[in-house]
Amino acid sequence: MAKDPDRNSCLLRDLRQRAGNELCADCGAAEPDWVSVTLGVFVCQGCSLIHRSIESLSQVKSVLQDTFEDKEIEFITSMGNEAAKAKYEQQVPPFYHRPSHTDCRILREQWIRAKYERQEFIHIEKQEPYSAGYREGFLWKRGRDNGQFLSRKFILSEREGALKYFNKQDAKEPKAIMRIETLNATFQPAKIGNPCGLQITYLRDNSTRNIFVYHEDSKEMVDWFTAIRAARFHYQKVAFPGANDEDLVPRLTRNFMKEGYMEKTGPRHTEGFKKRWFTMDDRRLMYFKDPLDAYARGEVFIGSKENSYTVVSGLPPSIQGYHWKYGITIETPDRKFLFACETEAEQKDWIAAFQRVVNRPMMPQEYAVEAHFKHKP
């Protein structure tokens, strides 16, 4: 029993101000308003919902609204976020994605389960599903032409440096070979229409190819994602032998900088504007007829301002044929690309994304990409 509930509430608010407790223990969100009285950690509302859904693992209470027993205060005082991190995150591999509050639920839930429920970072042998360098299994893959999801066998092999999938269970030759060197994976639950939906991209003949997959088991899907990150990490360690882990980790997988619909016109600027789905993947701006297309209709390389790439709002006054009135002009050394957005907010978001890329100096390897780049007008 709580001898003095008001005193306990004050103590708890003071505890939340301690170093480490001012951020969510699981996603890093500021000012967490919930606390797990069974794990002794402060968490944000989003993570508290995940804790609450795993009843055998965690019992959460509101810092601001609930009352606390004396023994609960004692336990939270003895633990806290820093001590919990030292206990439950002892051996997190450098390639394991530590989710932030902006990540999708599946990544945050599996991180929480991996830490507290399965204790994967205390017992290193439990990391085998994604750290062994080889993984095979079946995933539901979206068909390129008919849009149906069909079960396909996938094999990830670090030794072969590739992710492969097979159209038939007994097929000897893979339908596609995706080199680990150009592989990327990003969760896209809304776009794919499944909470475990993963978009895998790779380069073939310097053009981007998309594959959309999912698995009913969220752990299975996150294990595939983590195995891809592990393979990418080990590839980068060989490719860049002098680099620190901190330099390599941001290169493992990446979310797209921005996606959404815009209108575009052709290279002569006299064609009518057509609505297309655009994806900004680092310096590659790709456009598709449909968000789930396997191949882009065209790709545009966006370099830096030092190399004569500029982004401005609006369209040249002579331009006609667009329905959406919020224009964007991207000027490259070769030509101008004209786009139109439906709303002013979308226009500002796209310009901000383009500007981040244009303001960033080009890396040596990006000059090679620019030189070999192909775009379909």
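Residues numbered from 1 in each chain as written. Predicted model: local features only at pLDDT ≥ 70, side-chain atom pairs only at ≥ 80, totals over all residues. Heavy atoms only, no water.

The next point concerns the state of the cysteines. Evaluation of the coordinates by the stated rule reveals zero disulfides. With no disulfide partner, Cys27 has as its closest neighbouring cysteine sulfur the one in Cys44, 3.6 Å distant. Look at Cys44 and you get buried, because its relative accessible area is 13%. (Disulfide = S-S within 2.5 Å. Buried < 20%, exposed > 50% of the residue type's maximum accessible area, 1.4 Å probe, protein only.)

Quick look at the sheet that holds strand β17 (residues 336-341) now. If you trace the seven strands from one edge of the open sheet to the other, you get β14-β13-β12-β11-β17-β16-β15, paired in antiparallel fashion. What marks the edges here is a single partner per strand, and that holds for β14 (298-301) and β15 (310-313). Put simply, the sheet's adjacent strands are angled 35° from each other on average, direction ignored. Relative to β17, strand β16 (residues 326-331) runs antiparallel, the two sharing six bridges. Each bridged residue has a counterpart across the sheet, and for Thr329 the counterpart in β17 is Leu338. Where helix α10 (residues 344-358) meets the sheet, it contacts β11 (258-264), β12 (274-281), β13 (284-288), β15, β16 and β17, and its direction lies at approximately 110° from that of β11. (Pairing = 2+ DSSP bridges. Helix = DSSP H or I, 4+ residues; strand = E, 2+ residues; numbered from the N terminus. Axes fitted to C-alpha atoms, helices over the stretch in contact; angles between N-to-C directions. Contact = heavy atoms within 4.5 Å.)

Counting residues in hydrophobic clusters, the biggest one holds 38 residues, and the most contacted among them are Leu163, Met178, Phe187, Ile200 and Met221. Elements with a contribution of two residues or more to this core: α5 (105-117), β5 (149-157), β6 (162-166), β7 (176-179), β8 (184-187), β9 (198-204), β10 (207-214) and α8 (218-239). With nine residues, the single largest contributor to this core is α8. Aside from chain neighbours lying at most four places away, what touches Met221 is Ile106, Leu139, Phe187, Cys196, Leu198, Val213, Tyr214 and His215. Core analysis: the second largest hydrophobic core is formed by 21 residues, Tyr309, Phe354, Val357 and Val358 among them. (Core = buried A, V, L, I, M, F, W, Y, C linked by side-chain atoms within 4.5 Å.)

Packing of α5 against α8 leaves a shortest axis separation of 10 Å and a crossing angle of 95°. It follows from the interaxial angle that α5 and α8 lie roughly perpendicular. The segment α5 lies against α8, with Ile106, Leu107 and Gln110 engaging Ser218, Lys219, Met221, Val222 and Phe225. Of the residues assigned to the contact of α5 with α8, the class counts are five nonpolar, two polar and one charged. (Parallel < 35°, antiparallel > 145°, perpendicular 65-115°, else oblique. Nonpolar A, V, L, I, M, F, W, Y, C, P; charged D, E, K, R; others polar.)

Let's shift gears to the pattern of salt bridges. Under the defined criterion, the tally for this structure stands at 23 salt bridges. Note that Glu160 is salt-bridged to Lys164, the shortest N-O span being 2.8 Å. In this structure Glu160 comes out as partly exposed when scored by relative accessible area, which is 34%. Residue Lys164 is classed as buried on the basis of its relative accessible area of 13%. Within this structure, Asp26, Glu89, Arg98 and Lys115 form a network of salt bridges that share partners. (Salt bridge = Lys/Arg side-chain N within 4 Å of Asp/Glu carboxyl O.)

Before going further, it helps to spend a moment on the pairing of β16. With four bridges connecting them, β15 and β16 associate as antiparallel partners. Looking at β16, one finds that Ser313 is bridged to Ile328. Where β16 folds back onto β17 in an antiparallel hairpin, the turn is made up of four residues.

Looking now at unusual backbone geometry. Despite not being glycine, Asp205 shows a phi value in the positive range, around 55°. Its location among the elements puts Asp205 in the loop between β9 and β10. Notably, Ser308 is not glycine yet its phi reads approximately 70°, a positive angle. Summarising the element assignment, Ser308 is placed in the loop between β14 and β15.

The description of an aromatic ring pair rests on the distance of the ring centres and on the angle between the ring planes. Under the counting rule described, the total for this entry stands at 19 aromatic pairs. Between Tyr96 and Trp111, the aromatic rings sit 5.7 Å apart at their centres with planes inclined by 40°, giving tilted as the arrangement. Highlighted residues: Tyr96 in the loop between α4 (80-88) and α5 and Trp111 in helix α5, separated in sequence by 15 residues. Look at Tyr96 and you get buried, because its relative accessible area is 6%. For Trp111, a relative accessible area of 3% translates into the label buried. (Phe/Tyr/Trp six-rings, centres within 6.5 Å; stacked < 30°, edge-to-face > 60°.)

Right, let's get into the sheet that holds strand β1 (residues 34-36). An order of β2-β1-β3 is seen for the three strands of this open sheet, with the pairing classed as antiparallel. Both outer strands of the open sheet, β2 (41-43) and β3 (60-62), are each paired with one neighbouring strand and no more. Here the average twist between neighbouring strands, direction ignored, is 30°. Of the strand pairs in this sheet, β1 and β3 are connected by three bridges, and their pairing is antiparallel. Directly across from Ser36, in β3, lies its bridge partner Val60. Contacting β1, β2 and β3, helix α2 (residues 45-53) crosses the sheet at an angle of about 120° to β2.

Per the UniProt record, "domain: PH" (unreviewed entry) is annotated on residues 132-233 and 255-359. The distance separating the terminal C-alpha atoms of residues 132-233 is 13 Å; by composition the span is 20% helix and 45% strand. Taken end to end, residues 255-359 is 14% helix and 38% strand, and its two terminal C-alpha atoms sit 19 Å from one another. (UniProt positions renumbered as here; feature names shortened; annotations may be inferred.)

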